Every structure is written in C-alpha cells, then in structure tokens.
Amino acid sequence: MATNPDATISVSIMVDEQKNRVIWAEAGNDFVDALFSFLTLPMGTIIRLLRDLRQQSTLPATDLGCLSNLYRSVETLGSDHLWTDACEDMLLRPRNPRENFCNLLKVNVDDTKPKYFICPNADCFGKLSYYANARCRCGMTTDRELTIDCGSTAGSQDGVFLWGSTVYIVHDDLKVTTRTPTATVKLLNDLGITNINCIRERVLTVGLKDILILLERSLLSKTPLTDVFLTNERKLRVPPEDYQFVPCNISERKATSVEIVVVKILVKKSTGKVLYAEAKEDFVDLLFSFLTIPLGSVITCLSRDSSLGCVDNLYKSVESLDDKWFVEHSPLGDSSKMSPQEMKQYLLLNPGLTPKFGCSSQPFGLKEKAHRVTFKKRGRDVYSLIFHNNSPYFPGYTSSLEGVVAMDLVDPKEPSGRSGSGGFVKRPAEFQVYDDLAVLSSSIISSSVSFLKGLGEGVGAAMDDIEEHVIKITKQEALNLLKASLITKSALTTLLKHSSKKIKEEHPGEWSGR
C-alpha cells in the first residue's frame, strides 16, 4: 500500500486559552505512527524535506546545525569527486532502512520513491541494486528497472508501529502516553492547571504538510504542537540557537583508542576559532556518512541526548510505552515473529543503515540491517520483492519454493563492481573543510595565497595569528563531531575545544603534546 499524499488524520487538541498554548493532543495510532516514523528518516532525507518545505513557503531556509552545509557540499562537489554517480544520490536521497514499513503509513513524510534495478546479463540474473547504472561484477550495469508488486511486511492492517485499540496523548513537547483519566489528571496537575474550564478542545484535520512542519519543529522547538497548530505561518520563524554543547563521554569499555583519521586544523589564536581543516578522503567520508544515518540511530549513538528540539522525547516515548501497544511483525516467508521489544529497537530506536550504505570511516558500529532479498515473478516484467531480515531477531531466510529467486545486492559505491572502496569519495583526494563543515576540493583552489585571503577575518594580514593543530579522530571525537554538526554552526571549533586527542604545533615542523 502506497501512502496517499492527500490522506488526512483527525487530531483533537486541548488548548489552554489563557496562555494560548496546546496542552496536549489526543489521536489514534495513525498520528503517532507518523511521528515515530521520524526516527527512521536518514539525516540527508530530513535536510532535503526541510529545504523543500521552506521553498514552498515564504519562510527563511532552515539550516540544521552544519548538516545543511554538508548536504550542499555534496551537491557542489557532484559526482566528479565521488566514486560513482549513485554515490551522489545515496547522500542526497538516502534510502530509509525501514521504507517497507513506512510505505504503509497513512501519512508518510518521506517522498523517496523506492526503485530497484537488476543486471540484464542472464548469467548474473538476480543481481539487485537500489540505483540505476550500478556496476555489476560482470562489468555490465544494473539498468533494467523492476516493476514491483509491493507486498506488505506488516503483520497487521491495524497499525504500522502501534495498535489502534486505544487513544494516545501527545504532549506539546512530543512525549507520548496512552490516554486514561488518571494520566489526564496527573498531566493537568503537572502543568499547574486548576481550572478545567479554561481548556478548549479543537478537532483538526492534519495532512502531509502539517506532519512535515511537525518534523521541522520537533528538531528546533520545545513546543512543536503549539507552533504548528496555533501559530500563524508568517510568524513561524526559526528560533534563535541557544544550545549549550555537552560533549559525549563514552565509557572506557565502549571506547576505542584506534584512530580513524588524522586531521590538520588551522586556528586563529586570538579567538580560538577554527579557520579550516586540511583533510583527506577518509575524513570527508566520515562527514558525508552522517547524511545516511537515521535519526533514531543518531540519538542512540549520542546516548539518547541529541539536544535537538524535543525529538529526544519521541525516542524516549518509544522506550517507555508499554510493549503491549506495539504491533508484532512477521516477515513474509518467515515463521518467526518480532516481539514488541525487539520491534522497538529494530525499527525505531536503532534502524541502522540501508544495505550497502556502510562506510569504513564511520566508527559507530551501525549495521546494515535488512537482509536477504528474494523475488518471485508475478507477470510480464512484474515482480514481488520480499525482504527477509538477517538480524539478531530473525534467522536467515531459505526457500525451496518454486519460482522464488535469491537476490544479491550490488554495491552502488563500487566503480568496478568488485573491490571495496569502503566510502563515497574518490581516492586519493584532498579537501578543505570549513568550521561550518562546508567542504571544498583542493583541486578547484586557484592558489594557496588566494585561498588564505578569501578566509577573511584579517587572516591575510595577520599570518602570525594562525597556529596549526592535529586532531586524532577516534570514536569519542567522531561522536562529538556528529553532535556538533547537529546543533552548532562551528563544528570544528567545538570539536577542537572538546578533543582529548589534539596536538599543537609549537614550532614549525615539530609536533609536541599539549
């Protein structure tokens, strides 16, 4: 079942008329399923959706930390600096690892159209790619598009993530609970509301645009329901950034001292501000990989503290809601069933990566989670794809059914279809990365002098105000960089400030510990 873009959901909001705020909303599972689906969206998809949303209105563009600059850098660099043409699409339009579930939502904000291609070579029929023109091992490209008869992986038509047998309360800060008289009384007491007569109920019809704006406000605001349902759009501005960066501290048991990459950073001594970093392809791969990680997995990596708006409350609501409210799913062709607790983790809290989206420079231990694909021909050039999950929750699928053919996924990042590059960016390469994570290829810089003059801030006239640092990026630094990219406009300065693996150059050509 594909999502109908004109579909709507009925939502009742309770409004505190004295303070002109939404206290909470009451809705069925369709609305909460749509909210929970935010956790499955890759960050690159979120950036694109927010940009498209703002382009359709008179509102100024929404930049999510430095991630918007990373996204624009992929557009600017283009396929010339990436291994394949598909790499650009993988970063700008990353596939949702749980798209086969999200396509069942009544309102699905992700407009990415799932497409599948196979190698036309009869000898390697069954080589599947998410992108056109991926290189198969035989040397041919996957240019034959499959017409898919979409089946459902959901075990129930009642809901995608949640059962529809109760009404859910969504607080203004996106905490989600089930509705009971006791919970309502407690909520009113917690909010200090003693006069119930000041509460007015409004029944709204919520559509795709409303859910998209809720996605944006969940990342920027502590009161997204009030923002969306009570605020005139012309007044719906991006709030000022007042985030206080709290660095990630992982336990020694989870930490690793193995460096992923070493980066040289130029700093203005008088201000402590990073001017730019000189980086090789591994560091840029790490940065670009942020665009492929789903929001739920980002929050998991950051120990449930992304500091983004109130989206962490959605994540914690998935954790805290009783398991009985979550739909049990059974993959097609598989006798095992995913328990509600396993479903929470597998689908929402840590969706992982879409197959073949992994990157060797990304140290967070995220897995490519969906994984055995078979297909059965349904008619002339019409096929039914079945996704089976090799995961801690499902055994690998094997089938002796007639007409069912196992598929092998082709890696769209591999230019030869054989050897593994492990990343998106061509090698060897050198880049300049600015403090706000805008990435520039060294090959397009006309000269070093003109580049330094272009940095501004009086750099060209005060070269003695510049010093060099080297940062060794381990998992700890990579996590801080990920968090800084979400909530600051100066990710490298933030990284330098909180890095425990930095070395300062006290004298030219001589590195000493600091």
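Structure shown above.
These numbers were taken from a predicted model, which means no experiment stands behind them.

Let's shift gears to the packing of helix α2 (residues 43–55) against helix α7 (residues 208–220). The relative placement of two packed helices comes down to the angle between their axes together with the axis-to-axis distance. Orientation of α2 relative to α7, taken along the N-to-C sense of each, is 120°, at an axis distance of 10 Å. The crossing of α2 and α7 is left-handed. Every residue of α7 that contacts α2 at Ile46, Leu49, Leu50, Leu53 and Arg54 is listed here: Lys209, Leu212, Ile213, Leu215, Glu216, Arg217 and Leu219. Taken together, the residues of the contact of α2 with α7 break down into 8 nonpolar, no polar and 4 charged.

The next subject is the pattern of salt bridges. Should the charged atoms of two oppositely charged side chains come close, the side chains can pair. All told, the structure shown has 23 salt bridges when counted by the stated rule. With a shortest N-O distance of 3.9 Å, aspartate 52 and arginine 48 are connected by a salt bridge. A residue pair is termed a helical-turn pair when its members lie 3 or 4 positions apart in one helix, as aspartate 52 and arginine 48 do in helix α2 at 4 residues. What makes arginine 48 buried here is its relative accessible area of 3%. The closest approach of N and O atoms between arginine 304 and glutamate 319, which form a salt bridge, is 2.8 Å. Remark: glutamate 319 occurs in helix α11 (residues 311–320) and arginine 304 occurs in the loop between α10 (295–301) and α11; sequence separation between them is 15 residues. Here arginine 304 falls in the partly exposed class, since its relative accessible area comes to 37%. Shared partners join several salt bridges into a network, and the residues in it are Arg48, Asp52, Asp110 and Asp111.

Further remarks concern the sheet that holds strand β2 (residues 21–27). The 5 strands are arranged β8-β7-β2-β1-β9 in an open sheet whose pairing can be described as antiparallel. Because the sheet does not close on itself, it has two edges, and the strands there are β8 (176–178) and β9 (199–206). Geometrically, the sheet is characterised by an average inter-axis angle of 25° between neighbouring strands, direction not taken into account. Across 4 bridges, β2 lies against strand β7 (residues 168–171) in antiparallel orientation. When the bridges of β7 are listed, alanine 25 appears paired with valine 170.

Once that is clear, we can look at the packing of aromatic side chains. The tally for this structure, following the rule as stated, stands at 3 aromatic pairs. Judged by centre distance (5.9 Å) and plane angle (55°), the rings of tyrosine 116 and tyrosine 130 are tilted. Linking tyrosine 116 in the loop between α5 (99–102) and β3 (117–118) with tyrosine 130 in the loop between β4 (127–129) and β5 (144–145), this pair joins segments that are 14 residues apart in sequence. Judged by centre distance (6.4 Å) and plane angle (45°), the ring pair of tyrosine 131 and phenylalanine 357 falls under tilted. In this pair, tyrosine 131 sits in the loop between β4 and β5 while phenylalanine 357 sits in the loop between α12 (340–349) and β12 (372–379), placing the two residues 226 residues apart along the sequence. One residue, arginine 95, lies across the ring of tyrosine 116, its end atom 5.1 Å from the ring centre.

Conventions used here
Residues numbered from 1 in each chain as written. Predicted model: local features only at pLDDT ≥ 70, side-chain atom pairs only at ≥ 80, totals over all residues. Heavy atoms only, no water. Axes fitted to C-alpha atoms, helices over the stretch in contact; angles between N-to-C directions. Helix = DSSP H or I, 4+ residues; strand = E, 2+ residues; numbered from the N terminus. Left-handed = near helix turned anticlockwise from the far one by under 90°. Contact = heavy atoms within 4.5 Å. Nonpolar A, V, L, I, M, F, W, Y, C, P; charged D, E, K, R; others polar. Salt bridge = Lys/Arg side-chain N within 4 Å of Asp/Glu carboxyl O. Buried < 20%, exposed > 50% of the residue type's maximum accessible area, 1.4 Å probe, protein only. Pairing = 2+ DSSP bridges. Phe/Tyr/Trp six-rings, centres within 6.5 Å; stacked < 30°, edge-to-face > 60°. Lys NZ or Arg CZ within 6 Å of the ring centre and 35° of its normal.

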